[in-house]
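Take a look at the letters that make up each chain.
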Amino acid sequence: MDAEPRTLAELAHALRSGAVTAAETTERCLSTIAARNASLNAFITVLADEARAQARQADAEIAAGRYRGPLHGVPVSLKDIIDLRGVATTAASRVREGHIAAADAPVVSRLKAAGAVLIGKNNLHEFAFGTTNEDSAFGAARHPLDANRSPGGSSGGSAAAVASGMAYAAIGTDTGGSIRIPSAACGLVGLKPTLGEIPTGGVVPLSPTMDHVGPICRSVEDAQILHAALGGAGSAARSPASRPLKLARLHDDFTALLDPAVASAFAQACTRLREAGVELCDAIIPHAGDIAPVYLHIVLVEAAAYHAPTLERAADAYTPNVRMRLEMGRYILAEDYMRALHGREVLRTEVDSALTGCDALLLPTLPILAPRLGVETVRVGGTEEPVRGAMLRLTQLFNLTGHPAITIPCGMSPEGLPIGAQLVGRLGETAALLDLARAVEGYLGPGASR
């Protein structure tokens, strides 16, 4: 065909029509991995021989009329915290040296059933407990547009792989923003579905009451395809095409401290939405100031509980920053954990209230640009704050509450770094959120991303 397919949906059409083959596509992705992985460090394990065999099988099945759907023959990668039978699940940690997965995670079984080509396993922040992908036993993953910057985390290798053309999509996990943060940083679409909608079995846990599995990809249509394949439930969509959309912008704590480039891109996105006929109103979360402490008192305790045995016998095998966070969780009182669980319910009610009378919430995804590697703090609006805290600030609420959230590109900084906008829907209505996000993506237009 004349042009290489850019999105998963475009590739699916080309594969089904015979314009390209899965073998050709897989070789192209493997060539990109060979050319760029040494510098980006996006993959821990490349499954070249297995991927080639899967691609040949997909081509034979498609040629014989046994087309399985839009993932058939499409190269997809997995965050290396998800079990793939017969392959190590390292979680980017020396703690798991020698581990080989005995069975596929349910999400992997569903990808295989859909005919996806599993091309490899992506680098991540150790045990998914960080936002920059720097703390990894395999070294930091790097941003595809600037190797001196982080691609975000914890699913940083996954986002770097998709953004650089090493895979057409990746499956990541999101406990505080770990799909949305790297997707926004790398100019991609990243979906965190409703809590519990897509199974987390066979995934190394971080915080079981906040862990989500979801896709990183290049368009909302791609996210819809992957959401359906992973087992995402449909819902009674409110048909955004039948009337003007109404979005509630979260302000105060959500827009008070933004990098100037992020603030400008978000404002321009709001202008484009208004011009397209979208109604914008404002909403607040009254207890927004409590989000970070509530989140920390849950994630630290639940992570420490899972890691307690290995902290006892192999504490030195963790990277120092991740070990420190896990050790902190061992000293949080049970009463503080219970207070945090109550705080989560308050915040969930407040998000539900903010959604009343509108189709979705709208806010930036990341308040800062992709940070430089090795930088511990960032100055935003005259305030110095830890990079980790800044990167989590606009995403972690929706892990606490479980509401579905998606990031889509909404602009670029003057130096050419991507900026994302986040849409948040009602509990249990991920499919409706995807329909709405697809409309918003169209309104923002091609200038929103590279």
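The volume enclosed by the largest pocket comes to roughly 780 Å³. If you trace the largest pocket, you find 32 residues lining it, with Pro386, Val387, Arg388, Gly389 and Ala390 closest to the centre. For the lining of the largest pocket, the secondary structure elements donating two or more residues are α9 (291-314), α10 (320-329), β11 (383-386) and α12 (387-392).

Taken as a whole, this structure holds one aromatic pair when the rule is applied. With a centroid separation of 5.7 Å and an interplanar angle of 40 degrees, the aromatic rings of Phe127 and Tyr318 are classed as tilted. Pair noted here: Phe127 is in the loop between β3 (117-122) and α5 (156-163) and Tyr318 is in the loop between α9 and α10, with a separation of 191 residues, a long-range link. Looking at Tyr318, the relative accessible area reads 4%, which means it is buried. Across from the ring centre of Tyr168, 5.0 Å away, lies the NZ or CZ of Arg218, which sits over that ring.

Further remarks concern helix α11 (residues 334-355). A rise of 1.5 Å per residue sets the reference length of α11, with its 22 residues, at 32 Å; its end C-alpha atoms lie 32 Å apart and thus fit the reference within 8%. Buried residues of α11: Tyr337, Ala340, Gly343, Arg344, Leu347, Arg348, Glu350, Val351, Ala354 and Leu355, and no others. The buried residues of α11 all sit within an arc of 165 degrees when viewed along its axis, so they share a single face. Along α11, exposed side chains directed more than 90 degrees from the buried face belong to Ala334, Met338, His342 and Thr349. Taken together, the buried residues of α11 touch β7 (246-250), β8 (279-283), α9, β9 (360-364), α13 (397-401) and β13 (418-424). In the segment just after α11, Gly357 is the residue with positive phi, at about 85 degrees.

Burial analysis of strand β2 (residues 75-79) places five of its five residues in the buried class, the great majority of the element. The pairing of β2 with β3 spans five bridges and is parallel. The residue of β3 that forms the bridge with Val76 is Leu118. Of the crossover connections in this fold, the one passing from β2 over helix α4 (residues 106-113) to the parallel β3 is right-handed. Here β2 pairs with strand β4 (residues 169-174) via three bridges, running parallel. Its bridge partner lying in β4, Leu78 is registered against Ile171.

It is worth spelling out unusual backbone geometry at this point. Glycine aside, residues mostly have negative phi, and peptide bonds are mostly found in the trans state. Cis geometry marks the peptide bond from Gly153 to Ser154, where omega comes out at 5 degrees. With respect to the helices and strands, the residue Ser154 is situated in the loop between β3 and α5. With a phi angle near 55 degrees, Ala92 is a residue other than glycine that sits in the positive phi range. With respect to the secondary-structure elements, Ala92 resides in the loop between β2 and α4. Judged by its relative accessible area of 0%, Ala92 falls in the buried class. Non-glycine residue Asn133 carries a positive phi angle of around 70 degrees. The topology assignment puts Asn133 in the loop between β3 and α5.

Going through the model one piece at a time under the given rule, you end up with three cavities of 30 Å³ or more. In this structure, the second largest cavity spans a volume of roughly 80 Å³. Lining the second largest cavity are 13 residues, with Ala128, Gly176, Ser178, Tyr295 and Leu392 positioned closest to its centre. Mapped by element, the contributors of at least two residues to the lining of the second largest cavity are α9 and α12. Classifying every residue of the lining of the second largest cavity gives six nonpolar, six polar and one charged.

What follows is about the pairing of β13. The buried fraction of β13 amounts to seven of the seven residues, a majority that puts the element mostly inside the structure. Neither face of β13 is open: one carries Pro418, Gly420, Gln422 and Val424, the other Ile419, Ala421 and Leu423, and all of them are buried. Two strands pair when backbone bridges link them, and strand β12 (residues 405-412) and β13 are joined in this way by seven bridges, in the antiparallel orientation. Opposite Ile406, over in β13, you have Leu423 as the bridge partner. Between β12 and β13, which pair antiparallel in sequence order, lie five residues; one of them, Gly416, sits at a positive phi of approximately 85 degrees.

Attention shifts here to the sheet that holds β13. Sheets are built from strands that pair by backbone hydrogen bonding, the pairs being arranged parallel or antiparallel. Spatially, β1-β3-β2-β4-β6-β5-β12-β13-β9-β7-β8 is the arrangement adopted by the 11 strands of the open sheet, whose pairing is mixed. The outermost strands of the open sheet, each flanked by one partner alone, are β1 (43-46) and β8. Across the sheet, the mean angle from the axis of one strand to that of its neighbour is 30 degrees, orientation sign disregarded. Bridging between strand β5 (residues 189-192) and β12 involves three bridges; their strand directions are antiparallel. In the sheet register, Lys192 faces β12, and the bridge partner there is Ala405. Contacts between helix α2 (residues 22-40) and the sheet are confined to β1, β2 and β3, with β3 contributing the most and set at about 15 degrees to the helix. Sitting on the sheet, helix α7 (residues 220-229) is in contact with β4, β5, β6 (212-217) and β12, with an inclination near 140 degrees to β6.

Rules of the game
Residues numbered from 1 in each chain as written. Predicted model: local features only at pLDDT ≥ 70, side-chain atom pairs only at ≥ 80, totals over all residues. Heavy atoms only, no water. 1 Å grid on protein atoms, 1.4 Å probe; cavity = no way out; pocket = protein on both sides within 12 Å on 5 of 7 lines; lining within 4 Å. Points joined across faces, edges and corners; volume = space filled by probe spheres on them. Helix = DSSP H or I, 4+ residues; strand = E, 2+ residues; numbered from the N terminus. Phe/Tyr/Trp six-rings, centres within 6.5 Å; stacked < 30°, edge-to-face > 60°. Buried < 20%, exposed > 50% of the residue type's maximum accessible area, 1.4 Å probe, protein only. Lys NZ or Arg CZ within 6 Å of the ring centre and 35° of its normal. Expected span 1.5 Å × (residues − 1). Arc of directions from axis to C-beta. Contact = heavy atoms within 4.5 Å. Pairing = 2+ DSSP bridges. Right-handed = clockwise from strand over helix to strand, strands pointing away. Nonpolar A, V, L, I, M, F, W, Y, C, P; charged D, E, K, R; others polar. Axes fitted to C-alpha atoms, helices over the stretch in contact; angles between N-to-C directions.

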